[in-house]
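So the chains spell out like this:
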Amino acid sequence: MEFSLLGPVAVRTAHGDLPLGPAKRRSVLALLLLQANTTVPVERLITALWEDEPPEHARTVVQGHVSRLRATLADGGAHTHGVELTTQGSAYLLRLPAERVDAHRFEELVRRAREMTGWRDAAGRQGADADPAAGGGSRAAADAVPMLREALGLWRGPALTGTVTSPPFAAAAHALEERRLSAVEALAYAHEELGQYDVAAAVLHTEAVAHPLREGLIATLMRALYRAGRQSDAIGWYHRTRGLLSDELGVDPGEGLRRAYEEILRAEAPAPAPRAPRAPGGAPARGGAPGSAPAATPDPRVAPGPGTPPGEAAAYGAGPGGPGHGGAGQPGAGGQPPVAYPSFDSAPTAPAAYPPADGYPAAPHPTGEGAPASYPTAGTPVGATADGGATAGRGGANAPWLLPRPPTRFRGRVAELGALTRLVHASAPDESPIALVTGPAGVGKTAFAVQWAHQHAAAYPDGLLFADLRGFGEREEAPPVEVLRDFLLALGTPADRIPGSPESAAALYRSRVAGRRLLVVLDNARSSAQVRPLLPGATSLGPAPGSGAGGAPGAGPACVTLVTSRSRLDGLVATDAARPVPLQALTPQDGVDLLTAMLGSERVADDPDAARELVDLCDGLPLALRAASAQLTARPRWRLARLASALRDEQRRLALLSAEDTGIAAALRMSVARLSADDARLLAALGTGFDRHVEATAVAAFAGSDPDVTLDGLDRLAEMHLVDEEATGRYTMSNLVKLFARDGKTGGGPARPPGTPPAAPPPPGD
């Protein structure tokens, strides 16, 4: 059970969101969450809901809302998650583990990043509660970036959406929004510490558009642009902001904004050529152009001046509404500390843009001497700048980044990764290639696609889009119009301008990506029809940024699409020239390497024969090997041979390689669920009546069916990678699929034996 305040107020469970009812009931829950583990007087709730005009029976209405919330939470299994809503005299107490509230997780991630770096805010000042011993530097900044990215990824829209529109709730939302903006500025600062000035500018650009009068933010963006070698863009932002301040407020720019402008004009802060990011701890010192003498330069961040809006320079909630700003209630009992969130004492803020989770750029494309830089910015017409000027576009500013994090301890697949790179490299100039990554359940298709995408991210400066199409899972598959809406929002299209019809949305999407250098990952597709509306048009921009470096495509097209599926998607190959990149089981050595990465070299080296046997018993599937590693991790005294012995028992193997709804049995269950009833019966017959290798004619005779009908059924099973056609009319089935089919567990794998701990969740992918 998770509670959301950073966006629509919601309670999320494994079975979906709980129904919270009308706005006032959501508002009661929001206020209790803002003061979690602290008693909240009824009078405070009444004041927040109705201000000075409460109804005659306001107390009764509040009691009714609390009663309904208590019942709703109980129905969602609140007691199993340590959540309890109690009455304390004339007050209410919502007791829960603080980490179940997204706002608390956001604060914790930001705090950890701050402590790790000895944090200075966007103005270059030491944080008030920073650890003096923290060393900062590029290594700390590199560690802080994923924390800040994860923190910002928790936001799903304006804070406290769905609550009443009273000043107290608007003030609380404003305080949360200030903290989000501080975290955005901190993320940009961290990228600057790594020398990634283009990325810092991209991070700040979206917020600068949404907050055009936030002078400190604009000044920080100006310096990032200047240090990225984009002096004209930096100066353009100053003039644009000065005009807005004059037209809308009748004031001149404040000291901080003026200082940034003057430094750029006087060239006090040298603008080094943008660099590709270095490994953590190895970022070169900032300086001038190659070969120039080191120069003493002012700090690139902006110190807030008299014109800086209140609270703007305070990183991570310093000042009113910041951490430690307590509420009016009393600490709650039960061992849970009070959770301090923003108080209701600030003015509302303007609407802001909220990038999706992981939506902030993570790595700039290589630039500098000899590297092309004339690629259009996402959301800007080709050949035009953000302010309408006619100049070469630059990728990275406001480019969406929707990729999941890279898979952990990814091993093997060297040949397949190279094949995918060559496929993209060999595309025709007027073609936007479609790579189709296929393979059986558990083979690691998603992890493979995400790994390749991260390796080649620098070649796609206009953005990386990712969508889980949910083709094989518990939830219904994602309709194309839903994915198109998410993509269009990420590309900067206002929500009210996105068409409702799939055809119109697809046409607008193709228009928005035309001429952009994008990578689109469509994961877990069920059918070709689901994928086609999400395909871009076919245009090319010539050589890709960073071509020839680090294995990136040398002459890539404008847009590359990676599709992953358990199905072969033959229709996509036939009509859209998709090029298959099939994945098979890991080689024995790659499987052992994965076990070594998961368990440590000493443990595997102590039992090498058992390690190879484990790879064989897991059919070389990464998901099965990770589940086996989780079993061994939970039992540090077990030798590998002991688990191998347990897995030899075919009655227990699927149970040991599964964990609740995660694992091989669950993955196979989702594949079988997509079969017709006839094909499911055919698979069961293969599991019970034959060895791993079967002839189509023998299956037809066994089933008493027409040979052609049986052959068609076997072909459909092969299309779903449940069997393999090793020769004409001859098929083979993996051991794990055979066990699953033989046991007839099409609704799920065998239950775990008592005392068997769940396996660790797999990396991104199936």
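These numbers come from a predicted model, not from an experiment.

Caption draft 1: Up close: the pairing of strand E7 (residues 434-438). Within E7, 5 of the 5 residues are buried, which leaves the element mostly enclosed by the surrounding structure. Covered by surrounding structure in E7 are Ile434, Leu436 and Thr438 together with Ala435 and Val437, the residues of both alternating faces. Relative to strand E11 (residues 579-582), E7 is paired through 4 bridges, and the arrangement is parallel. When the bridges of E11 are listed, leucine 436 appears paired with proline 580.

Caption draft 2: Molecular detail of the side chain of threonine 561. As for its position among the elements, threonine 561 is in strand E10 (residues 559-565). In this structure threonine 561 comes out as buried when scored by relative accessible area, which is 0%. Excluding residues that lie within four positions of it along the chain, threonine 561 makes contacts with Pro433, Ile434, Ala435, Val520, Leu522, Leu535 and Pro536.

Caption draft 3: The arrangement of the nonpolar core in detail. Counting residues in hydrophobic clusters, the biggest one holds 113 residues, and the most contacted among them are Phe487, Tyr509, Leu519, Leu562, Val563, Leu683 and Leu686. Excluding residues within four positions of it along the chain, leucine 562 makes contact with Leu420, Ala435, Ala449, Trp452, Leu519, Val520, Val521 and Leu522. Leu6, Leu49, Leu73 and Val145 belong to the second-largest nonpolar core, a separate cluster that totals 87 residues.

Caption draft 4: Representation of the sheet that holds strand E1 (residues 2-4) within the structure. With antiparallel pairing, the 3 strands of this open sheet are ordered in space as E1-E2-E3. Lying at the two open borders of the sheet, with one neighbouring strand each, are E1 and strand E3 (16-17). Note: E1 against strand E2 (residues 10-13), 3 bridges, orientation antiparallel. Bridge pairing in E2 places glutamate 2 opposite arginine 12.

Caption draft 5: Geometry of the packing of helix H1 (residues 23-34) against helix H2 (residues 42-50). Here H1 crosses H2 at 130°, and the two axes come no closer than 10 Å. Regarding the angle of H1 to H2, the classification is oblique. Every pair of crossing elements has a handedness; the one defined by H1 and H2 is right-handed. On H2, the residues that touch Lys24, Ser27, Val28 and Leu31 of H1 are Arg44, Leu45, Ala48, Leu49 and Trp50. Tallied by class, the residues present in the contact of H1 with H2 amount to 6 nonpolar, 1 polar and 2 charged.

Caption draft 6: A look at the pattern of salt bridges. Scanning the model with the defined rule gives 30 salt bridges in all. Between arginine 413 and glutamate 416 there is a salt bridge, with the nearest N and O atoms lying 3.4 Å from each other. Looking at arginine 413, the relative accessible area reads 4%, which means it is buried. Arginine 470 serves as the salt-bridge partner of glutamate 482, at 3.3 Å between the closest nitrogen and oxygen. With a gap of 12 residues between them, glutamate 482 in helix H13 (residues 480-490) and arginine 470 in the loop between strand E8 (464-468) and H13 connect regions that are remote in the sequence. Since its relative accessible area comes to 33%, glutamate 482 is described here as partly exposed. Via salt bridges that share partners, Glu2, Arg100 and Arg105 belong to a single interconnected network.

Caption draft 7: Here's a closer look at the environment of phenylalanine 106. One can find phenylalanine 106 in helix H4 (residues 102-117). Not counting residues up to four positions away in its chain, the partners in contact with phenylalanine 106 are Leu6, Ala151, Leu152, Leu154, Trp155, Arg179, Arg180 and Ala183.

Caption draft 8: Fine view of the packing of aromatic side chains. Inspection of every chain in the model, using the stated rule, returns 3 aromatic pairs. Look at tyrosine 238 and tyrosine 261: their rings are 3.8 Å apart centre to centre, the planes differ by 5°, and that puts the pair in the stacked class. Here tyrosine 238, found in helix H9 (residues 231-249), pairs with tyrosine 261, found in helix H10 (residues 255-266); they are 23 residues apart in sequence, far enough to count as distant. Across the pair, exposure class does not vary: tyrosine 238 and tyrosine 261 are buried alike. Their ring planes at 35° and their centres at 5.8 Å tell us that phenylalanine 487 and tyrosine 509 sit as a pair that is tilted.

Caption draft 9: Examining helix H21 (residues 640-648) more closely. Every buried residue of H21 is accounted for by Leu640, Leu643, Ala644, Ala646 and Leu647. For H21, the arc enclosing every buried residue in end-on projection is 160°, short of the 170-degree limit, so these residues lie on one face. On its buried face, H21 sits against helix H17 (588-599), helix H18 (601-605), helix H19 (608-617), helix H20 (622-634) and helix H22 (653-656).

Caption draft 10: Region of the structure containing the sheet that holds strand E14 (residues 693-695). Across the sheet, which stays open at both edges, the 3 strands sit in the order E14-E16-E15 with antiparallel pairing between neighbours. Either end of the sheet is taken by a strand with one partner, and the two such strands are E14 and strand E15 (724-727). Shown here is a sheet whose adjacent strand axes are inclined to one another by a mean of 35°, direction ignored. Sheet analysis places E15 next to strand E16 (residues 730-732), joined by 3 bridges and oriented antiparallel. Across the sheet, the residue bridging to aspartate 724 is threonine 732, located in E16.

Basis of the calculations
Residues numbered from 1 in each chain as written. Predicted model: local features only at pLDDT ≥ 70, side-chain atom pairs only at ≥ 80, totals over all residues. Heavy atoms only, no water. Buried < 20%, exposed > 50% of the residue type's maximum accessible area, 1.4 Å probe, protein only. Helix = DSSP H or I, 4+ residues; strand = E, 2+ residues; numbered from the N terminus. Pairing = 2+ DSSP bridges. Contact = heavy atoms within 4.5 Å. Core = buried A, V, L, I, M, F, W, Y, C linked by side-chain atoms within 4.5 Å. Axes fitted to C-alpha atoms, helices over the stretch in contact; angles between N-to-C directions. Parallel < 35°, antiparallel > 145°, perpendicular 65-115°, else oblique. Left-handed = near helix turned anticlockwise from the far one by under 90°. Nonpolar A, V, L, I, M, F, W, Y, C, P; charged D, E, K, R; others polar. Salt bridge = Lys/Arg side-chain N within 4 Å of Asp/Glu carboxyl O. Phe/Tyr/Trp six-rings, centres within 6.5 Å; stacked < 30°, edge-to-face > 60°. Arc of directions from axis to C-beta.

Purely geometric stuff here, so don't read any function into it on its own.
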